[in-house]
Amino acid sequence: MSTMDLSKLCVHTMTTKPWSLQECCTEYARAGIGHITIWRNVLDDLPLSEAVKMVQDHPLSVTSLCRGGFFPSIDPNKRTDAIDDNKQAIEQAAALGAPLVVLVCGADPGQSLDTSRKQIQDGIAQLLPFAEGHGVKLSIEPLHPMYAGDRSAVNTLAQANDMAEALDSPWVGVAVDVYHLWWDPDLEEEIARCGKHGNLHAFHICDWKTPTEDLLLDRGLMGEGCIPLRAIRDAVLATGFDGPDEVEIFSSRYWEMDQRDYLQKIISAYDAM
Ligand code: ZN
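So, here is what we can say about the structure in this document. (Residues numbered from 1 in each chain as written. Predicted model: local features only at pLDDT ≥ 70, side-chain atom pairs only at ≥ 80, totals over all residues. Heavy atoms only, no water.)

**Observations regarding the packing of aromatic side chains**
Within the structure shown, the criterion is met by 5 aromatic pairs. Relative to F250, the ring of W39 has its centre 5.5 Å away and its plane inclined at 90 degrees; by these criteria the two rings are edge-to-face. Taken together, the residues span a long stretch of sequence, with W39 in strand 2 (residues 35-39) and F250 in the loop between strand 8 (245-247) and helix 9 (252-255) at a distance of 211 residues. Residue classification places W39 among the buried residues on the basis of a relative accessible area of 6%. Taken together, the ring pairs connect Y179, W182 and W208 into an aromatic cluster. The residue whose ring lies beneath R151 is Y147, and the NZ or CZ to ring-centre distance is 5.7 Å. Just above the ring of Y254 sits the side chain of R253; from NZ or CZ to the centre is 4.4 Å. (Phe/Tyr/Trp six-rings, centres within 6.5 Å; stacked < 30°, edge-to-face > 60°. Helix = DSSP H or I, 4+ residues; strand = E, 2+ residues; numbered from the N terminus. Buried < 20%, exposed > 50% of the residue type's maximum accessible area, 1.4 Å probe, protein only. Lys NZ or Arg CZ within 6 Å of the ring centre and 35° of its normal.)

**A word on helix 10 (residues 259-271)**
Over its 13 residues, helix 10 extends 18 Å from the first C-alpha to the last, a length consistent with the 18 Å expected when each residue adds 1.5 Å. Of the residues making up helix 10, those classed as buried are Q259, Y262, L263, I266, I267, A269 and Y270. Taken down its axis, helix 10 places every buried residue within 165 degrees of arc, on the same side. Looking at the buried positions of helix 10, the neighbouring elements they touch are strand 1 (9-12), helix 1 (21-30), strand 7 (200-205), helix 8 (229-238), strand 8 and helix 9. Sitting at the head of helix 10, D258 places a side-chain oxygen 2.9 Å from the backbone nitrogen of R260. (Expected span 1.5 Å × (residues − 1). Arc of directions from axis to C-beta. Contact = heavy atoms within 4.5 Å. Polar contact = N/O pair within 3.5 Å; in protein donor to acceptor, adjacent residues only side chain to side chain.)

**Structural notes on the coordination of the zinc ion**
Protein coordination of the zinc ion is provided by E141 (OE), D177 (OD), H204 (ND1) and E248 (OE), with donor distances spanning 1.9 to 2.2 Å. Sequence positions of the donors to the zinc ion reduce to the motif E-x35-D-x26-H-x43-E. Of this pair, E141 sits in the loop between strand 5 (137-140) and helix 5 (157-167) while H204 sits in strand 7, and the two are 63 residues apart along the sequence. An identical accessibility class is assigned to E141 and H204; each is buried. (Donors = N, O, S within 2.8 Å, 3.2 Å for Na, K, Ca; no water.)

**Observations concerning the sheet that holds strand 4 (residues 100-104)**
One closed barrel accounts for 8 strands, arranged 1-2-3-4-5-6-7-8; its pairing is parallel. On average, adjacent strands in this sheet sit at an angle of 30 degrees to one another, irrespective of strand direction. Bridge analysis of strand 5 against strand 6 (residues 172-177) gives 3 bridges, and the strand direction is parallel. The residue bridging L138 from the neighbouring strand is V172, located in strand 6. Against the sheet, helix 5 makes contact with strand 5 and strand 6, and its axis sits at roughly 165 degrees relative to strand 6, the strand it touches most. (Pairing = 2+ DSSP bridges. Axes fitted to C-alpha atoms, helices over the stretch in contact; angles between N-to-C directions.)

**Some remarks on helix 3 (residues 76-96)**
Under the 1.5 Å per step criterion, the end-to-end length of helix 3 is 31 Å for 21 residues, consistent within 8% with the ideal 30 Å. All of the buried residues in helix 3 are A82, I83, N86, A89, I90, Q92, A93 and L96. In this structure, the buried residues of helix 3 make contact with strand 2, helix 2 (48-56), strand 3 (61-69), strand 4, helix 4 (113-134) and strand 5. The N-cap residue of helix 3 is D75: its side-chain oxygen and the backbone nitrogen of N77 are 2.8 Å apart. At the C-terminal side of helix 3, G97 shows a positive phi close to 75 degrees.

See below:
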């Protein structure tokens, strides 16, 4: 049990991947963590009503649902399927009390990034009435350019800001993740722009290890790498953002640990940030 103030700490269920939703809820709440972001994989094996009850039985607020997106494809049927899947994500978010769905926007290596970005923007535009109808916002998360091939054609905060501003809806904004954006020389300026337009929805933290041994599954705890976390957080807070700090770490190494010990490491790293 921690005595630190963890009321602004959020942990993504994927961060403690070996745990079920029930275990995440129990353990996060027991540790005094205030918020949870729910990844859809933990919803796979249980009825949504049970997941809702699990969350409501704990003093946790749901920050977001991860993830929707994956709009682009050279195959129009797949683009239609993506819209349906995103509608399901929006329904899940609404049921769970998650105010937003984070979008990993997608890319198709068979077409240009520009075409993929157009399809992303069209896909989001198509979903907007449904999102609004459910009271759920959509958050574009730019991903590091190393994922431009197949995971996201939106790779800078400037591109995400451009898209959010073009869509010009209170139901669309941006998720800022330090892992994806820390290298960007325009980051501070683009964070300010994001806030100024009311588009800053979420703030994800972890660290960039050197060397990074796996492009997906080797993220570090805060303080373990070279990301200027305090400077980025200061820029985020300067916009008036008052949402939680969301710890999102994919790490095969940490998933092998006892997850309770790992959660304590997360809390210590957060406290030292
Ligand atoms: Zn993220």
